[in-house]
Each structure stands twice: as structure tokens, then as C-alpha cells.
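This is what each chain is made of:
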Amino acid sequence: IHPTAVRRPHAITVQSENTLYSDEHITAKFFNRGSEVTVTDGHFSVKPTVQEYEFQTKRAVSKTGLMMIGIGGNNGTTLCATILANRHNIIWHTKEGIQQPNYIGSVLRASTVRIGTEPGSGKEVHVPVSDILPMVHPNDLVLGGWDISGVPLEKAMKRSKVLDYDLQRQVAPHMALLGKPLPSIYYPDFIAANQEARADNLIPGEDKQAHLEHIRADIRKFKQENDLDRVVVFWTANTERYSDIIPGVNDTADNLLAAIKASHSEVSPSTLFAVAAILEGEPFVNGAPQNTFVPGAIELAEKHQSFIGGDDLKSGQTKLKSVLAEFLVNAGIKPLSIASYNHLGNNDGHNLSAERQFKSKEISKSSVVDDMVDANRLLYKAPAVGPKGVPVGKGEHPDHIVVIKYVPAVGDSKRAIDEYYSEIFCGGRSTINIFNECEDSLLATPLILDLTILTELLTRVKYRKVGAGQDFAPLYAVLSLLSYMLKAPLVKPGTEVVNSLNRQRNALESFLKACIGLEGNSDLLLETRIW
Ligand code: NAI
């Protein structure tokens, strides 16, 4: 069950004076090119800029554990069972025939990156994303976690009704070895009342400080018992309601720690888990939409230089929307309204049928077109400018609604119906309707893997500004490079959120390439356009 630490050989070596390989590190120079724009009376004055950086990546991947909060749910059990199926090469029968385990749906394991062209033929060469830098293999993750439901994992997998019977049958003995989820914290006010019946595996008491210490001890014990270098703590439990942001309670790191000590009612379970991971120096990723990262939690992560990432897995409808809305707006077409309807019948859907939990999801699904709209003021009027030059409101925006309904019969097979109603040339109208049916947990599980593996990698990358006399330092605490897999990406406070899926992927690709000294993704392909 517990694999040993791995150091995989490199698939790629870059031969350049900008890339150095030592036993311990890959160090690469990177020229960050940008431009500064000054706007005066409608005129844009642009000054190209360049800053030299070095990235240093530790070559040995950490022996990594993944501790999921909500391990007994659909995502948690599907993730455990599919990793075990891959690890033990379990093949199973479906009505279509024999099925092999795989990692389809994982950007890291099932997609490729263009790294250059073959000399002579000019043929493009693509490699798996996971070959660019040393990364943990999903089969090597050590699995564990918490759930308020104490059902053993092989039974919880059955309850989830996601995987084929023949796979469940064969993987069950392996799942049984993972045992029962660790007891968790349950504050009924934060998730839907309809979840109460499964809350039978709880850390006793009401003292939030004691709960925090319990969770921290769980993380330490798991790390020690499995001889791990790194534990990624991952929230894939039910969607909580939003926490109110209250000055003096959760607005600063110190206030948040004091609020936990005082067992303040507005500290949610997910925030408590995040604080536990931050204080243990282990990364925390939030796969659900609630505002786990209250300002005090972000400040705490900054103070401890612990890594955090979120929010909410971007599996189906939102992923498509971030592509489609960008396509329309970049084509010069003006979406007037986007109406999204979902229905699903799994436990997530049951939880989301409660108003306050739905609200969290609605917020996380709603901002996905904002940056595309803001980037095109030819189509959408900019906000009016107030007395001190400050914009008033958000400016023109398409109508955007999100509806989610619980329909038990469809189980984990979520249906998403989207209508894009747009203005086209000279007053014309275009309507695009999309019906998207997807097995929710089979889309979400590879995202959890990608997020975990990328997060582990990003803990091994350091950077320094060349010429500033700086030592290598870790990346900023909020890992916005994870945005591709997240619906409402958490970014450094004060910086803009990029929702465009293409830009998110380019950022990730460019970063991974920069770490080995390769220029970003150039689609210029100049050599194909000149004599
Ligand atoms: P699920 O309802 O099957 O699993 C959630 C699990 O969390 C349950 O086993 C529940 O007992 C447990 N839980 C609730 N509160 C807990 C706590 N305080 N501590 C420990 N365990 C707790 O839901 P599913 O489908 O696995 O989704 C998980 C989360 O991921 C949800 O918040 C969902 O909105 C989010 N998500 C799922 C996507 C998908 O496609 N499946 C996509 C995007 C987000």
C-alpha cells in the first residue's frame, strides 16, 4: 500500500548555458518580458520591460501523502479506488468489454506540451506534461483523510455508485486496507441539514482550539507513520455556506487564531482544516466553493510561507463556459445572456439543494466571464467614472444566471444545460445551446490528482531576481498557477483573476518550461511564415 519515495529519471534535458543540472537541482534562467502602458488622454504609451529571474527546482520528488477531508464521499472514494486500480493494474469488465485503468482527464498525465521541432523535418515534438519536471506519480501517493461519516471506504465506494460493479468488486479488498476515515469536525450550521444522518464519525466536543490541535496531530501522525516528506491536505468535503467576514474575528491572522481559541461560531470546519495545514507547514487546497480562505487565513499562510490554493474544482460546465465565452468575445461577438441550469442526484447535489450552500456554488460559478468582458470595452461599456476617477459599478455585463436542482434519479451523472444568447452583426442574434452530461466524480477526480501533484511540485520550486542580490525564495503562498483546475481561482490579493482556460493553461505551460529554461508557448511559428 505505501510506496517508497521515488526519484524518477528525467525524460528531458535542456542543453543551454541557461539551464544547469546538479545532483540536487535544476536551475534555469528566465527572462520575464512584459510591457508597461501609460494612458494619457486616450493615447497608450508602451514601454517593453524585461527582468531576469532564476528558477531552482529540487529534483527529488517528495514522498507525498494526500489527506482528503471528505474521503468517504464520491470524489474521495473514486480517487482512492482509481489510484488503487492503476497501482495494482486491475482490469475490469463492462458491457463494452475489458477496461484498463488510466489517468484520462488529468492534464499532467494525459495531455502533452510542444517543446520544439525536429531539426531538418521541422516536425513538432510533444511530450507529456508530466515529463517537463520531476513530478510525483499518482500511483505513489499515500492516501488518507477524514470524514464525518465513519463508513469504511470500500462500503463508502459502493454508496457513491460511481464505479462499475466489476471494478468495485476487485478493488474492494484494497480499499478495505485503507480502513475507516479519521473522525472529523462537524459544525451543523455550515453544511446542509440533510447531511446530519451521515455525521457519525466525529471528534468530540465543541472546543475549536482542541479541534485544531486534533487535526494538526492527525497530519503529523500520518506524515510520521508513512515516512512522508510532504502531505497535501485537500478539502473535497461538502460545500459549506459562506462565512461572514467579521472585523476582529477572521480578518487578520492573529484575530483568526484568537477566534479559534474562543470557539467563535463563524469559524468553519474548512477554515479550521486550512489553519491546521498552514500551521503544520503543509499545503492546503480547497476543492469546494465556500470562502475557506477568509482574509485571516490568507495572511496566516503568508506569515508561515505555507502554500494554499482554491477554490472549487472546475470540472464541466464552468470549464466549458470559460472557453466558450472567451471564444465569443474574442471573435467580436457579444454574449447578452448566459443561462446555466444543472441537475444532479448525488450527495453533493443533495447538499447543494439547501439555499445557503447553493449560494456558495452560485458565487463560485458566476465570475467566470468577468475578465473576458472587462478585456473588451468595444463590446461592453466600461463602468462610469466617479468624482475621484474611481470606476462606479462593474460596467456593462451579460446577464448570467445559475440554477442547480437536485434530481436523485440521475445520481452522479450531472446534466448541465447552457444557453448563450449573443448579439451578432448589425442587430442579428445567435443562440447556442449546450447540453453537457458528465459523470461528475470521474471528471473531478483527475483534477484532485493534478492539483495535488502540481502543489507538491510548486513546493520544490524556488526563484530569485537576478541582479538584486537575493537568495532563492519559495513562490508566493497563494498558488494561482493551479487556476486551470479551479472554478474561482484564488489569487494574490490585489491582483486580477484570470478565468480564461487558455490563458490559465498557457501560464502553467510557460511556468513549467521556464523552470527548465525554455521559452514559453510561442504560436508565432516564425520559421513557417518566412522564406
Ligand atoms: P460527497 O457529498 O459525495 O462527499 C463529501 C463528503 O464530505 C461526504 O462523505 C461527507 O460525509 C463529507 N463531509 C462533510 N463535511 C465534512 C467535514 N466537516 N469533515 C469531513 N468530512 C465531511 O460530494 P462529492 O461529489 O465528493 O464532492 C465533494 C465536494 O467537491 C463538494 O463540495 C462539491 O461541491 C465539490 N465539487 C465536486 C465536483 C464534482 O464534479 N464532483 C466539481 C466541483 C466541486
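All of these numbers come straight from a predicted model, not from anything done at the bench.

Rules used throughout
Residues numbered from 1 in each chain as written. Predicted model: local features only at pLDDT ≥ 70, side-chain atom pairs only at ≥ 80, totals over all residues. Heavy atoms only, no water. Near = heavy atom within 4 Å. Polar contact = N/O pair within 3.5 Å; in protein donor to acceptor, adjacent residues only side chain to side chain. Areas by Shrake-Rupley, 256 points an atom, 1.4 Å probe, with all protein chains shown as cover. Helix = DSSP H or I, 4+ residues; strand = E, 2+ residues; numbered from the N terminus. Nonpolar A, V, L, I, M, F, W, Y, C, P; charged D, E, K, R; others polar. Pairing = 2+ DSSP bridges. Contact = heavy atoms within 4.5 Å. Axes fitted to C-alpha atoms, helices over the stretch in contact; angles between N-to-C directions. Buried < 20%, exposed > 50% of the residue type's maximum accessible area, 1.4 Å probe, protein only. Left-handed = near helix turned anticlockwise from the far one by under 90°. Arc of directions from axis to C-beta. Expected span 1.5 Å × (residues − 1). Patch = residues over 30% accessible without salt bridge, like charges linked within 9 Å, V, L, I, M, F, W, Y side chains within 5 Å. Salt bridge = Lys/Arg side-chain N within 4 Å of Asp/Glu carboxyl O. Phe/Tyr/Trp six-rings, centres within 6.5 Å; stacked < 30°, edge-to-face > 60°. Lys NZ or Arg CZ within 6 Å of the ring centre and 35° of its normal.

(A) Layout of the site of the ligand. Close to the ligand lie 29 residues; Asp 147, Ser 184, Ile 185, Arg 198 and Asn 347 are nearest. Residue Ile 148 places a main-chain N or O atom 3.3 Å away from a nitrogen atom belonging to the ligand. Here a nitrogen atom of the ligand and a side-chain polar atom of Ser 184 are 2.6 Å apart. Here the ligand loses 99% of its free accessible area of 840 Å² to cover by the protein chains. Of all elements in the fold, only helix H1 (74-87), helix H10 (347-352) and helix H13 (440-459) reach the threshold of two or more residues within the shell around the ligand. When its residues are assigned to classes, the shell around the ligand shows 10 nonpolar, 12 polar and 7 charged.

(B) Up close: the sheet that holds strand E2 (residues 25-40). One open sheet accounts for 5 strands, arranged E1-E2-E3-E19-E20; its pairing is antiparallel. Only two strands of the sheet have a single partner each, and these edge strands are strand E1 (19-21) and strand E20 (473-474).

(C) Structural view of the sheet that holds strand E11 (residues 284-286). Across the sheet, which stays open at both edges, the 5 strands sit in the order E9-E4-E10-E11-E12 with parallel pairing between neighbours. Each end of this open sheet is capped by a strand with a single partner; those strands are strand E9 (142-146) and strand E12 (308-309). Bridge analysis of strand E10 (residues 230-235) against E11 gives 3 bridges, and the strand direction is parallel. Each bridged residue has a counterpart across the sheet, and for Val 233 the counterpart in E11 is Phe 284. Running at roughly 150° to strand E4 (residues 64-69), H1 makes contact with E4 and E9 of the sheet. Lying on the sheet, helix H5 (residues 208-225) is in contact with E4, E9 and E10; it crosses E9 at an angle near 165°.

(D) How the structure looks around the environment of Leu 379. Examined against the element boundaries, Leu 379 turns out to sit in the loop between helix H12 (370-374) and strand E14 (384-385). Among the residues examined, Leu 379 registers a relative accessible area of 18% and is labelled buried. Note: C-alpha distance between Leu 379 and Gly 332 (47 residues apart in sequence) is 7.4 Å. Those residues in contact with Leu 379, other than ones at most four positions away along the chain, are Val 329, Gly 332, Ile 333, Lys 334 and Glu 396.

(E) Summary view of the packing of helix H6 (residues 253-261) against helix H7 (residues 269-280). One way to put it is that H6 packs onto H7 with a least axis distance of 12 Å and a crossing angle of 115°. Judged by the twist between their axes, the crossing of H6 over H7 is left-handed. Residues Leu 256, Leu 257 and Ile 260 of H6 form the contact with H7, whose own contacting residues are Thr 271, Leu 272, Val 275 and Leu 279. Taken together, the residues that form the contact of H6 with H7 break down as 6 nonpolar, 1 polar and no charged.

(F) Looking closely at H6. For H6, every residue scored as buried is listed here: Ala 253, Leu 256, Ala 259 and Ile 260. Buried residues along H6 cover an arc of 125° about the axis, so they all sit on one side. Against the buried residues of H6 lie H5, H7 and helix H8 (295-304). Looking at the residues trailing H6, positive phi occurs at Ser 263, about 50°.

(G) The arrangement of the side chain of Gln 357 in detail. Tracing the backbone shows Gln 357 in helix H11 (residues 355-366). Dropping the residues within four chain positions of it, Gln 357 is found in contact with Phe 190, Ile 191, Ala 192, Thr 239, Glu 240, Arg 241, Asn 351 and Leu 352.

(H) Spatial organisation of H5. The end-to-end C-alpha distance of H5, which contains 18 residues, comes to 25 Å, matching closely the 26 Å that a straight helix rising 1.5 Å per residue would cover. Taken residue by residue, H5 has Lys 208, Gln 209, His 211, Leu 212, Ile 215, Asp 218, Ile 219 and Phe 222 as its buried positions. In this fold, the buried residues of H5 make contact with E4, E9, E10, H6 and H7. Looking one or two residues beyond H5, the residue adopting positive phi is Asp 227, at roughly 55°.

(I) Up close: a nonpolar patch on the surface. A surface patch of nonpolar side chains, amounting to about 390 Å² of accessible area, comprises Val 37, Val 39, Phe 44 and Val 46. When contributions to the nonpolar patch are tallied by element, the ones reaching two or more residues are E2 and strand E3 (43-58). Considering the arrangement of structural elements, one finds Val 39 in strand E2. Given a relative accessible area of 51%, Val 39 falls into the exposed group.

(J) Structural detail: the packing of aromatic side chains. The final tally for this structure, using the stated rule, is 6 aromatic pairs. Pairing Trp 146 with Phe 273 gives two aromatic rings, centres 4.9 Å apart and planes at 70°, and the pair type is edge-to-face. Of this pair, Trp 146 sits in strand E9 while Phe 273 sits in helix H7; the two residues are 127 residues apart in sequence, bridging distant segments of the chain. For the pair Trp 146 and Phe 273, one class covers both residues: buried. Members of the aromatic cluster, joined through ring pairs, are Phe 30, Phe 55 and Phe 511. Stacked on the ring of Tyr 187, the Lys or Arg Lys 208 has its end atom at 4.2 Å from the ring centre. Sitting over the ring of Tyr 476, Lys 492 keeps its end group 5.0 Å from the ring centre.

None of this, on its own, says anything about what the molecule does.
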